[in-house]
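Take a look at the letters that make up each chain.
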Amino acid sequence: MKIYNTLTDKKEAFIPITPGKVTMYVCGPTVYNYVHIGNMRPVITFDMVYNYFKYLGYDVIYASNFTDVNEKITNKAIELGIVEREVADKFIKAYLKDLEEYNCTKINKRPRVIDHMEDIFQFIQRLIDKDFAYCVNGDVYFSVEKIKEYGVLSNQNIEELKSGQRIEINPQKRSPLDFALWRKTSSGEQFESPWGKGIPGWHTECVVMINKLFGTKIDIHGGGIDLKFPHHDNEIAQSIALNNNYIANYWMHNGHININGEKMSKSLGNYVYAKDFIKEHDANEIKLAIFKTHYRLPLNFTEKLFDEAKILNEKIYSALKQAFLIINVSKLNVGNIKKDKNLEEIMDDDFNTPNLISYLMDLVKQLNIEMRQSKEFVNTYDRINLICSILGLKYKFKKLTSEDITLYNDWQKARKNKEYEIADNLRKKLILKKII
Ligand SMILES: [Zn+2]
């Protein structure tokens, strides 16, 4: 299969570090507030990536962190009149609920910064010992100019970065591009470090947790496109310094989400929390709307997009519901198809979900025809279910009792015998029981 690697800006064949195994890390939320719908795009995208690797038979270790030590958390704690740990716990709980509601529960490692303080101290100390970092008045900075490849991910060199970026003047830094590994703090939650009281820098924690969980290198590092610079380039710089590698063999970035053509922002009033969005839209609908655009491209949320996704979702649901009924009544054997060549051809091309949805809708159409013509349809039904499991679409139907099945058979018999009045009554009963 091929993955577009944002490190090399090319589609490359995927070759895992360990055969049969995939290690993947995706930057998680800073837990000082509820996450917005834009934060859900990487969650939904990498859930699909996980599902497809599992389909291919890989053992996948998927980690996503919680940034639970941060100035934003301290500010929120002051605002709410509680301590930082309570803020972090509150929003971690809310985030886990979002993951459940969006049916994105594949993350199997969830490291927290608070549990890695000793590892962070050791990591920073190693950077200082190797002369890649320096301490000034309780702050520790990474010396960017020591890394000649700095900016490799975002394709910018140090000179371009210096002239192009708006950089705050900080007389403590040797170079304006240097970033903080450790920051001295005077208020809020502080940790006693070898350099004094403070908190770790955001760019350090991800590298430390990756090294701790997986060793020096992973297969895939993912995140939103906005994290490419400086966050991911800074992660890479630290990894070059200590491990002489780019942390991950494949870097994957998803595009951002606009709402009605505008960037989501609190001042524009189009800022939508994931927890509120799911009250108005079914998780399947949201996924279909997101997957209709390739993960690397920017995505524009409009009413039209969701109207279309709703129609697609209803089509899939009603075809599967009818098939489920016949399968139960006729006791058909399903789930025997485990592989689909068309599906693989589509997904092996850098997870081409727009094409996968087209293929899915063709299969739904085919399923309806096969059922209408009383043909064998289990093969098509199985293929549809394979696609749904990769896209993370979940459809639940009521389990039928023997009484339900008798009712259904009676209805079919009455129809066949042209006993319309009886058939009509039975049909009403079946609808009332939500069987048809
Ligand atoms: Zn990160």
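Remember, predicted model here, so these are calculated numbers, not experimental data. (Residues numbered from 1 in each chain as written. Predicted model: local features only at pLDDT ≥ 70, side-chain atom pairs only at ≥ 80, totals over all residues. Heavy atoms only, no water.)

Undergrad: Just give me the short version of the packing of helix α10 (residues 303-329) against helix α14 (residues 402-416), but keep the residues and values in it.
TA: Between two packed helices, the angle of one axis relative to the other and the distance separating the axes together describe the packing. Where α10 contacts α14, the two axes come as close as 10 Å, and the packing angle between them is 100 degrees. It follows from the interaxial angle that α10 and α14 lie roughly perpendicular. When α10 is examined against α14, the residues Leu-325, Ile-326, Asn-328 and Val-329 are found in contact with a partner set consisting of Ile-405, Tyr-408 and Asn-409. For the contact of α10 with α14, the residue count by class is 5 nonpolar, 2 polar and no charged. (Axes fitted to C-alpha atoms, helices over the stretch in contact; angles between N-to-C directions. Helix = DSSP H or I, 4+ residues; strand = E, 2+ residues; numbered from the N terminus. Parallel < 35°, antiparallel > 145°, perpendicular 65-115°, else oblique. Contact = heavy atoms within 4.5 Å. Nonpolar A, V, L, I, M, F, W, Y, C, P; charged D, E, K, R; others polar.)

Undergrad: Run through the coordination of the zinc ion, naming residues and quoting values.
TA: All of the protein donors around the zinc ion are Cys-27 (SG), Cys-206 (SG), His-231 (NE2) and Glu-235 (OE); their distances to the metal are 2.1 to 2.6 Å. Seen from the zinc ion, its 4 donor atoms lie at angles of 75 to 130 degrees, and the figure they make is irregular. Each donor residue of the zinc ion belongs to the same chain, and together they define the spacing C-x178-C-x24-H-x3-E. Within this pair, whereas Cys-27 is found in the loop between β3 (21-26) and α1 (37-55), its partner His-231 is found in helix α7 (residues 228-243), the two being separated by 204 residues in sequence. The pair formed by Cys-27 and His-231 is uniform in burial state, with each residue classed as buried. (Donors = N, O, S within 2.8 Å, 3.2 Å for Na, K, Ca; no water. Tetrahedral: all angles 85-135°; square planar, octahedral: opposite > 155°, others 65-115°. Buried < 20%, exposed > 50% of the residue type's maximum accessible area, 1.4 Å probe, protein only.)

Undergrad: Outline the pairing of strand β5 (residues 133-136), supporting the account with residue identities and numerical values.
TA: Taken together, the 4 bridges between β5 and strand β6 (residues 139-142) define a ladder with antiparallel strand orientation. Across the sheet, the residue bridging to Ala-133 is Phe-142, located in β6. Between β5 and the antiparallel strand that follows it, β6, lie 2 residues; Asn-137 among them carries a positive phi value of about 45 degrees. (Pairing = 2+ DSSP bridges.)

Undergrad: Mind laying out the sheet that holds strand β10 (residues 218-224), listing which residues take part and the relevant values?
TA: Pairing within the open sheet is parallel, and its 4 strands lie in the order β4-β3-β10-β11. One side of each edge strand has no neighbouring strand; the edge strands of this open sheet are β4 (59-64) and β11 (248-254). Each adjacent strand pair in this sheet contributes to an overall mean axis angle of 20 degrees, direction not counted. When β3 meets β10, the two strands line up parallel, connected through 3 bridges. Considered in β10, the bridge of Met-24 is made with Ile-220. The sheet contacts of helix α6 (residues 202-214) involve β3, β4 and β10, and relative to β3 the element is tilted by about 160 degrees.

Undergrad: So, empty space enclosed by the protein: which residues are in play, and what are the values?
TA: For the coordinates displayed, the defined rule picks out 1 cavity of 30 Å³ or more. Grouping the constituent residues of the lining of the largest cavity by class yields 3 nonpolar, 2 polar and 1 charged. (1 Å grid on protein atoms, 1.4 Å probe; cavity = no way out; pocket = protein on both sides within 12 Å on 5 of 7 lines; lining within 4 Å. Points joined across faces, edges and corners; volume = space filled by probe spheres on them.)

Undergrad: Provide a residue-level description of the sheet that holds β6, including the pertinent values.
TA: Taken in spatial order, the 5 strands of this open sheet run β5-β6-β7-β9-β8, and their pairing is antiparallel. Whereas interior strands pair on both sides, the edge strands pair on one side only; in this sheet they are β5 and β8 (191-193). Taken pair by pair, the neighbouring strands of this sheet meet at an average axis angle of 35 degrees, ignoring direction. Taken together, the 3 bridges between β8 and strand β9 (residues 196-200) define a ladder with antiparallel strand orientation. The residue of β9 that forms the bridge with Phe-191 is Gly-198.

Undergrad: How would you sum up the layout of surface pockets? Please name residues and give values.
TA: Taken as a whole, the second largest pocket encloses approximately 580 Å³ of empty space. Along the walls of the second largest pocket sit 23 residues, with Gln-322, Leu-325, Ile-326, Tyr-408 and Gln-412 positioned nearest its centre. At the level of secondary structure, the elements contributing two or more residues to the lining of the second largest pocket comprise α10, α12 (353-372) and α14. Considering each element in turn, the lining of the second largest pocket owes the most residues, 8 residues, to α10. Split into classes, the residues belonging to the lining of the second largest pocket amount to 10 nonpolar, 6 polar and 7 charged.

Undergrad: Can you explain the nonpolar core? Please cite residues and give values.
TA: Residues Phe-53, Tyr-102, Phe-301, Ile-316, Leu-343 and Phe-351 are the most contacted members of the largest nonpolar core, which totals 98 residues. Ranked by the residues each element gives to this core, the list is headed by α10, at 13 residues. Not counting chain neighbours up to four residues away, the residues in contact with Phe-301 comprise Ile-37, Ile-257, Asn-258, Ile-259, Asn-260, Phe-277, Ile-290 and Phe-306. Phe-121, Ala-133, Val-144 and Ala-237 belong to the second-largest nonpolar core, a separate cluster that totals 48 residues. (Core = buried A, V, L, I, M, F, W, Y, C linked by side-chain atoms within 4.5 Å.)

Undergrad: Explain the pattern of salt bridges to me, using residue names and the numbers behind them.
TA: Scanning the entire structure with this criterion turns up 19 salt bridges. One salt bridge in this structure joins Asp-68 and Arg-85, with 3.5 Å as the shortest N-O distance. Residue Asp-68 is found in the loop between β4 and α2 (71-80), and its partner Arg-85 is found in helix α3 (residues 84-101); the two are separated by 17 residues along the sequence. Residue classification places Arg-85 among the partly exposed positions, given a relative accessible area of 23%. Measuring nitrogen to oxygen at the nearest pair gives 2.8 Å for the salt bridge that ties Arg-85 to Glu-189. With Arg-85 in helix α3 and Glu-189 in the loop between β7 (179-184) and β8, the pair connects residues that are 104 residues apart, well separated along the chain. The class of Glu-189 is buried, set by a relative accessible area of 17%. Ionic contacts of the salt-bridge type, sharing partners, join the residues Lys-398, Glu-403, Asp-404 and Lys-433 into one network. (Salt bridge = Lys/Arg side-chain N within 4 Å of Asp/Glu carboxyl O.)

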